[in-house]
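Each chain, written out:
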Amino acid sequence: MRNDSRLSRMLHVLIHMDRHQDAATSEMIATMLNTNPVVVRRTMAGLRQQGYVHSEKGHGGGWTLVRPLSEITLLDVYNALGEPHLFAIGPADDQPKCLVEQAVNNALADAMKEAEALLLRRLGSVTLEKIAADFETKLTARSAAAYSCAS
């Protein structure tokens, strides 16, 4: 199963948007993420519906933050993205009548439920402001001229 990087990518975009005064076009964001502007618009739509970003069409338009980073948690963004699968592992369903498979699946389901609850609590406790502050600390530690997402 392929990793779903939408959460990480959107957190990245939102923090960049906070640092820039002008609206970010879908094309600019697509270039940053090495993807297609249509994918950006589709992904950002959930954030817009939840009231975290606003979009303006036409010349001079683009995406802007509506709320400060201090009011947006990782869980908020996760939910706005449609709550993608958190884990790539899951139960087997090859032999649903097999008692061993049933026992294994029950044990996995309990562990996964517990792990998911813990992860969601943690996502809810971290704001984008905290991540941005961590970035600022790292940026201060190195020369601003050396800053690049590519390095």
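Please read these numbers as outputs of a predicted model, since none were measured by experiment.

Conventions we followed
Residues numbered from 1 in each chain as written. Predicted model: local features only at pLDDT ≥ 70, side-chain atom pairs only at ≥ 80, totals over all residues. Heavy atoms only, no water. Core = buried A, V, L, I, M, F, W, Y, C linked by side-chain atoms within 4.5 Å. Buried < 20%, exposed > 50% of the residue type's maximum accessible area, 1.4 Å probe, protein only. Helix = DSSP H or I, 4+ residues; strand = E, 2+ residues; numbered from the N terminus. Axes fitted to C-alpha atoms, helices over the stretch in contact; angles between N-to-C directions. Parallel < 35°, antiparallel > 145°, perpendicular 65-115°, else oblique. Contact = heavy atoms within 4.5 Å. Nonpolar A, V, L, I, M, F, W, Y, C, P; charged D, E, K, R; others polar. Pairing = 2+ DSSP bridges.

A. Spatial organisation of the nonpolar core. In this structure, M10, M17, I29, M44, L47, V77 and L128 are the most contacted members of the largest nonpolar core, which totals 28 residues. At the level of elements, helix 1 (6-19), helix 2 (26-33), helix 3 (37-49), helix 4 (74-80) and helix 6 (128-141) are the ones that each hand at least two residues to this core. Among the elements that make up this core, the one with the highest residue count is helix 1 (seven residues).

B. View of the packing of helix 2 against helix 3. The geometry of helix 2 relative to helix 3 is characterised by a closest axis approach of 8 Å and an angle of 105° between their N-to-C directions. The angle between helix 2 and helix 3 falls in the class roughly perpendicular. Within the contact between the two elements, helix 2 uses S26, E27, I29 and A30 and helix 3 uses P37, V40, R41 and M44. Classifying every residue of the contact of helix 2 with helix 3 by side-chain character gives five nonpolar, one polar and two charged.

C. Focus on the packing of helix 1 against helix 6. The interhelical angle for the contact between helix 1 and helix 6, taken along N-to-C directions, is 70°, at an axis separation of 10 Å. When the axes of helix 1 and helix 6 are compared, the pair comes out roughly perpendicular. On helix 6, the residues that touch L11, L14, I15 and R19 of helix 1 are L128, I131, A132, F135, E136 and L139.

D. View of the pairing of strand 2 (residues 62-65). One ladder, built from four bridges, connects strand 1 (residues 53-56) with strand 2; its direction is antiparallel. Within strand 2, the residue paired with S55 across the bridge is W63. A loop of five residues connects strand 1 with strand 2, the two strands running antiparallel in sequence, and G58 in this loop sits at a positive phi of about 90°.

Note that every value here comes from positions in space, so none of it alone points to a role or purpose.
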